[in-house]
Amino acid sequence: MPFLPLSQVRSLRNELDGTNAEISTWGCEGYGDNIKQWSDSCDEDVGAVIRVTSAHEAAIVVKFVTCHQIPLAVRGGGYSTSGSSTARGGIVLDLAKLRKVQVDPVSRVVTAEGGALWADIDVAAAQHGLAVVGSTLSHIGAAGATLGGGYGWLTGQYGLAIDNLLWAKVVLADGRVVIASEDHYPDLFWAIRGAGQEFGVAVELGFRAHPQRNSVYAGTLLFSHDNLSAVVDFANHFETITDGKQGLWFGSTMVPSMTQCCILVVVFYNGDQEAAERFFAPLLSAGPLVNGAGMIPYDSLNGILNTTDTLNRRGSDTEVNISYPLENAMGPRKSMRGSNVTLPLDLNFVQSVYDEFNGVLTDYPQTRDSRLLVELLPNAQIQKTPLNATAFANRGPYYNVSCLFRWYDPGLDERIRSLQASLLERIALEAGIKKPGHSRPTQGTGIYANYAGHEVSTETIFGLNYPRLQELKKKFDPHNTFNKWHRIRVPQSDPR
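Residues numbered from 1 in each chain as written. Predicted model: local features only at pLDDT ≥ 70, side-chain atom pairs only at ≥ 80, totals over all residues. Heavy atoms only, no water.

Take the packing of aromatic side chains next. A complete count under the given rule lists 15 aromatic pairs for this structure. Consider the rings of W118 and F207, whose centres lie 5.8 Å apart with planes at 50 degrees: the pair is tilted. Placement of the pair is W118 in helix 4 (residues 118–126) and F207 in strand 10 (residues 201–208), with a sequence separation of 89 residues. A single burial state applies to W118 and to F207, both of which are buried. Following the ring pairs from residue to residue traces out a cluster consisting of Y217, F234, F238, Y269, F279 and F280. The cationic tip of R468 hangs over the ring face of W190; the distance from NZ or CZ to the ring centre is 4.1 Å. Looking at K473, its charged tip hangs above the ring of F199, at a distance of 5.8 Å from the centre. (Phe/Tyr/Trp six-rings, centres within 6.5 Å; stacked < 30°, edge-to-face > 60°. Helix = DSSP H or I, 4+ residues; strand = E, 2+ residues; numbered from the N terminus. Buried < 20%, exposed > 50% of the residue type's maximum accessible area, 1.4 Å probe, protein only. Lys NZ or Arg CZ within 6 Å of the ring centre and 35° of its normal.)

Attention shifts here to the state of the cysteines. Going through the model one piece at a time under the given rule, you end up with zero disulfides. Cysteine C262 shares no disulfide, and the gap to the nearest cysteine sulfur, in C261, comes to 7.1 Å. A relative accessible area of 1% places C262 in the buried class. (Disulfide = S-S within 2.5 Å.)

Turning to the domain arrangement of the chain, a few remarks are in order. Size of an interface: often given as the accessible area lost when the parts come together. Domain boundaries assigned for the chain yield domain 1 (6–94), domain 2 (101–211) and domain 3 (216–309 + 330–451). Centre-to-centre separation of domain 2 and domain 3, based on C-alpha positions: 25 Å. Counting residues at the interface gives 33 residues for domain 2, matched by 34 residues for domain 3. With both chains or domains summed, domain 2 and domain 3 bury close to 2,800 Å², and 58% of this area falls on carbon and sulfur atoms. (Domains from an automatic or database assignment. Contact = heavy atoms within 4.5 Å. Buried area = accessible area lost by both parts, 1.4 Å probe.)

Quick look at unusual backbone geometry now. Residue P344 is bonded to the preceding L343 through a cis peptide linkage, with omega at 0 degrees. Among the secondary structure elements, P344 is positioned in the loop between strand 17 (333–341) and helix 12 (347–363). Look at Q69: it is not a glycine, yet its phi comes out positive at around 55 degrees. Assignment of secondary structure puts Q69 in the loop between helix 3 (55–68) and strand 3 (72–75).

Of all hydrophobic cores here, the largest spans 72 residues; its most connected members are I192, F199 and L469. It is helix 7 (residues 186–195) that provides the largest number of residues to this core, a total of six residues. In terms of domain composition, this core takes at least three residues from each of domain 2 (101–211) and domain 3 (216–309 + 330–451). Once residues within four sequence positions are removed from consideration, L469 is found in contact with W190, A191, A195, F199, A391, F462 and I488. Of all hydrophobic cores here, the second largest spans 50 residues; its members include V267, V341, W407 and I416. (Core = buried A, V, L, I, M, F, W, Y, C linked by side-chain atoms within 4.5 Å.)

A few words now on the pattern of salt bridges. If you walk through the whole model with that rule in mind, you get 17 salt bridges. Between D413 and R333 there is a salt bridge, with the nearest N and O atoms lying 2.7 Å from each other. Of this pair, D413 sits in helix 14 (residues 413–431) while R333 sits in strand 17, and the two are 80 residues apart along the sequence. Each member of the pair D413 and R333 is classed as buried. The residue E455 makes a salt bridge to R337 at a minimum N-O spacing of 3.1 Å. Of the two residues, E455 is situated in the loop between helix 14 and helix 15 (458–462) and R337 in strand 17; the sequence distance between them amounts to 118 residues. According to the relative accessible area criterion, E455 is exposed, its value standing at 55%. (Salt bridge = Lys/Arg side-chain N within 4 Å of Asp/Glu carboxyl O.)

Moving on, we get to the pairing of strand 18 (residues 371–376). A regular strand places its side chains so that they alternate between the two faces of the sheet. Counting buried positions along strand 18 yields six of six residues, so the element is predominantly enclosed. Every second residue of strand 18 is oriented toward a common face, with R371, L373 and E375 on one face and L372, V374 and L376 on the other, all of them buried. Where strand 13 (residues 246–253) meets strand 18, six bridges bridge the pair, whose relative direction is antiparallel. Bridge pairing links W249 to E375 in strand 18. Relative to strand 19 (residues 399–407), strand 18 runs antiparallel, the two sharing five bridges. (Pairing = 2+ DSSP bridges.)

What follows is the structure in structure tokens.
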């Protein structure tokens, strides 16, 4: 049973009296559904789930938990696999009803509420021939992905999501609602661009949008393991031939009809099909088992890698008509983690990574629906922004690696996470910026905060930006109300 005192629940109900906020507590109808997480490994009983409909209601909740020192988690899309969206015994501030998106086609500005999914933004912007640099998955929360950095298929042209963020309306720990931008609260704006989850609740975001009237060439290719060398060879030439309008992901996954992993390749080209097929000709001519690439509208792009499960609590709250697969089925236990690589990649090393990943999926059959991907998104635009211009510290001449493990048995939690951590650490040490003989760049930590778990220290994630983040944490959240993400420590005062 959750341990939030009934007296505090009553007090919060009184403070929210007359608002449209919905309060769900232990024993209430629908409580079990409201606490459900995308990953079953994160399911925890919470004292209350408060689903707010305005910044004012969010401010009441935040001020209340700060005053009473109640554990707080903020849930936007709710796709954390490290428990950032839940608070055992505490309060979950749920933004699922804050999903409105407004588009100003003249100024090319898209304003999205804090609970909007990327699908909401993609569809709304596309109606005006615009696009926002967003995630590569349409069913995750826009605010959470953005505040941690925000890589997207348009990153090669326009940088990260935070590089296109114009302002954010933020609820601070003391209940104040402020607009953070380059001109107002610039120090807070610096912090939230890369570490925003630690500084407040983003109830509204303003994005710079870009013209995007043409369809794009994108999709997935599946190759047999025999084609690994052709895929690696193309990947090693990618950064010398891209002009920023392309993207290439490749890695391993297992499909139901196979007994070993195949090579999954994701291609993207912001242009016409003829030019795209010329660009990816070495891959297309290598004979993929499945070729799912073709011309699609941009607002469909971020759905090509969506998993087959999502949060059923989202089904009735959408502002646009978005269909979810499998009748909104919930998924299994999950762990999303990351690493980094530099090019060129050694074929023997990539082969060894394939063998290790394939071995895990073979030894533990319930993990078959897992995937490991090297994410080659052109990084020149990312590196144009100085490392100290925002809190985000992953700017450098290297590429992210993502690994999503999925399984069902709670008894395997420790084992699967250990195998995942070992594999990703080996990738970093042998192919990333830590590899022997590599001249480590002055920019970038090599760790994408949105892919990092709690086992990675905050100092490691934010590098040289960490001391400033600590000072700003002390200024805006001295009592550490927001501590479910990467837990920036407030510096202690000198006793002298």
